[in-house]
Amino acid sequence: MNGFERMPEDCPIDNSCGTDSPGYLSQPHPEVSEGIVERTVCFGDADQCCVASTKIMVRNCGAHYVYRLYETSSSQKYCVDESITSMCDPDSYTELDDEWRGETVAYDSANAHYDNKLVKGWYRFTSYLGRMPEYSVSSYSCGVHYPGYINDKHPSRHEGTINTHVCFSTSLSNEGQGCQTARMVNCGSYYLYQMKPTTSYYYGFCVAQDQCSDAVKLHERWRLIINPYVSSQSSAADNKLKKGWYRLSVGHGTMPTYEPDEYYGGQRYPSWMQGELPDVKDGEVTREVRFAGTSTELEIRVKNCGEYYVYRLRPTAAATYVYSIDTDVCEHARDLDEEWRNMFYVEEKTEFLHSDYQKGKDWYQFSTGFRMMAESPPGPQYSCGTKHAAYLNQEHPTVEDGVVPREVCFKENVDSDIYQGCDVVENVRVKNCGDYYAYQLNPQVKEGAYCVYNRKTSCYPPVVHAKYGELAIVNCTLNSEKDFDPAEVEWTFLDDTVLPDNNMDNIDISDNRLLLNINNIADKNAGVYAFYIASTQTTALVEVILFSAVESGQKYYYAGLGDEVVLKVTFNVVDTIEKEISWKKLPHKPVTGNNYILSADQSSLTIRSVTSKDFGTYRCTATFEVEGVSYTKHADIVVKEEEDDE
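Attention in this report is confined to the structure presented alongside it. (Residues numbered from 1 in each chain as written. Predicted model: local features only at pLDDT ≥ 70, side-chain atom pairs only at ≥ 80, totals over all residues. Heavy atoms only, no water.)

## Observations regarding the sheet that holds strand S43 (residues 589-590)
- One open sheet accounts for 5 strands, arranged S39-S47-S46-S42-S43; its pairing is mixed. Looking at strand neighbours, the two that pair on one side only are strand S39 (556-559) and S43, the edges of this open sheet.
- Looking at chain direction, strand S42 (residues 579-585) and strand S46 (residues 616-626) are connected through 7 bridges and run antiparallel. What sits directly across from serine 582, in S46, is threonine 621. (Pairing = 2+ DSSP bridges. Helix = DSSP H or I, 4+ residues; strand = E, 2+ residues; numbered from the N terminus.)

Structure below.
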């Protein structure tokens, strides 16, 4: 009758059903086939849902329920639930169309609004998006001192009426304060809220606005990730930023999804977002924001508005933490156009050696030669016109890779072993800009300079990256109309080994001398191969770079006490070669016991329930043979204790 169908199965809000101790069915209603069943009715108050209880009998009669009820105390009353159809009838609720409730509307003391005199009942918001925010909003917004929001998701149509809490933001950082019970129902195209007056005239209920059209623009250029922090920029701070939706309106208009350097993007700790940017169909999504060089995390929300993104941000922990904006480093990279950077140029006079020392940390591009840094150490002393030649010791990224971390090696000043280890390692970032590469460099090596490929190769591929035991094929073509005699073609290895050579018996050269096959690649094959035709003065160089046999994509892992951490390596050895794998904690501790788990292929080690004894360096070692030669290779991984936020 009048839409009242059955007892509620959820805890009613306090002071509802005409009493301060409303009763509800704490168990589901029976099915028709169950007949008469016993159920428990709970009576709650302002603090608890079940202060007292009593037993009743219930039967499902198909179209309705009947209840055998018993006398209660004077303050306890049985509640009845209303059908959604009846609740969503326009005569059953009150509309609130106040414009001042919008989440971006600032509090105005001359025109103050509050909800402490609101009459308890069902309400529908008809301004803006017609629903309350599901996230905290800044104090002194929504036209009141302390705006209210729901700390839950809105219900779907089939969920019916659900209980929730309305909480209030009482300062920039304080949220979830003064929460009070409420109920919500989904009426299809809108929501209804059963609410009661706020406890004070400082409080009011907020209405969500369109994130895309109402987002505040952040247009400060100091936020661009390429801009170094300058202490005189006192505006570079977000610790007093109001909670709300923002559009990043300079640069790419997005937050970086890779970790930037400290002291860039306007402050000491610029932000970066973990996870991918959402599609339009994803709606609002939750993401974690971290700050460079720290373990500090903040939860934000992101929405794809089609042509741009908006972010729901909150104040940062301190002035040194800021929200940074990504930009295209390709457009800002500075030119390095010196011809002496050619990796095959050798300076004969030491007084003419060059250096990049203290050019300043910035993004650079090479505008000579192939416009890319060398990927292997140059040969003779004083190559690249410098004392310490620098080269990229990892593969360049593709366009799709975006900005990636890489290492640059500075070669020792020794006229001997071309493949010696790095004397100094510099951590850099690289981006493939299509026709060239951009590098974030910070030259700190005295008498050192960066080397560049400066040639037009007629061999493909110009750089071979291979696993142990693989077959590499290099195909060369002569970019000239002149005839040539295959007998003229000369292949050399590392400048002084003429091929074929007995010590390089796994290399085959085709009859026309243009095809080079390297079988079962191993250490002896790593280096630079030169292809030369005298009659056409044609020279091409091919580089063979071996992947590390045991490679860890992550050098450092951070874990807290009791955490679980998984250490992973990749074996760059062809599958047909048998490998003997072992793990240990340096210097000599075997990884045995219940807290250590090795994967079936031994490429990962899981440490469960980390203790202080588990922090340290772990070594994964692989032993294998290629063409009768035994190799033992390893990778070291460091597990460190995660630092607590201060």
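Picking up where we left off.
## Regarding the packing of aromatic side chains
- On inspection of all chains with the given rule, the structure shows 24 aromatic pairs.
- On the numbers, 5.8 Å between centres and 25 degrees between planes, the contact of phenylalanine 624 with tyrosine 631 is stacked. Across the pair, exposure class does not vary: phenylalanine 624 and tyrosine 631 are buried alike.
- Grouped by ring-pair contacts, the aromatic residues Tyr114, Tyr146, Phe168, Tyr201, Tyr202, Tyr203 and Phe205 constitute a single cluster.
- Here arginine 124 stacks its cationic end above the ring of tyrosine 190, 3.8 Å away from the centre of that ring.
- Its end group placed over the ring of tyrosine 308, arginine 247 keeps NZ or CZ at 3.7 Å from the ring centre. (Phe/Tyr/Trp six-rings, centres within 6.5 Å; stacked < 30°, edge-to-face > 60°. Buried < 20%, exposed > 50% of the residue type's maximum accessible area, 1.4 Å probe, protein only. Lys NZ or Arg CZ within 6 Å of the ring centre and 35° of its normal.)

## Observations regarding empty space enclosed by the protein
- Per the stated rule, a full pass over the model turns up 4 cavities of 30 Å³ or more.
- Approximately 60 Å³ is the volume found for the largest cavity.
- Every residue along the wall of the largest cavity is listed here: Ile225, Tyr258, Pro260, Asp261, Val329, Trp363, Arg429 and Gln440.
- In the lining of the largest cavity, the residues fall into 5 nonpolar, 1 polar and 2 charged. (1 Å grid on protein atoms, 1.4 Å probe; cavity = no way out; pocket = protein on both sides within 12 Å on 5 of 7 lines; lining within 4 Å. Points joined across faces, edges and corners; volume = space filled by probe spheres on them. Nonpolar A, V, L, I, M, F, W, Y, C, P; charged D, E, K, R; others polar.)

## What about the sheet that holds strand S22 (residues 334-336)?
- Read across the open sheet, the 7 strands follow the order S22-S23-S27-S26-S25-S24-S28; overall the sheet is mixed. Whereas interior strands pair on both sides, the edge strands pair on one side only; in this sheet they are S22 and strand S28 (448-450). Each neighbouring strand pair of the sheet contributes to a mean axis angle of 35 degrees, computed without reference to strand direction.
- For strand S23 (residues 362-366) and strand S27 (residues 437-441), the ladder comprises 3 bridges, and the chain directions are antiparallel. Directly across from aspartate 362, in S27, lies its bridge partner leucine 441. (Axes fitted to C-alpha atoms, helices over the stretch in contact; angles between N-to-C directions.)

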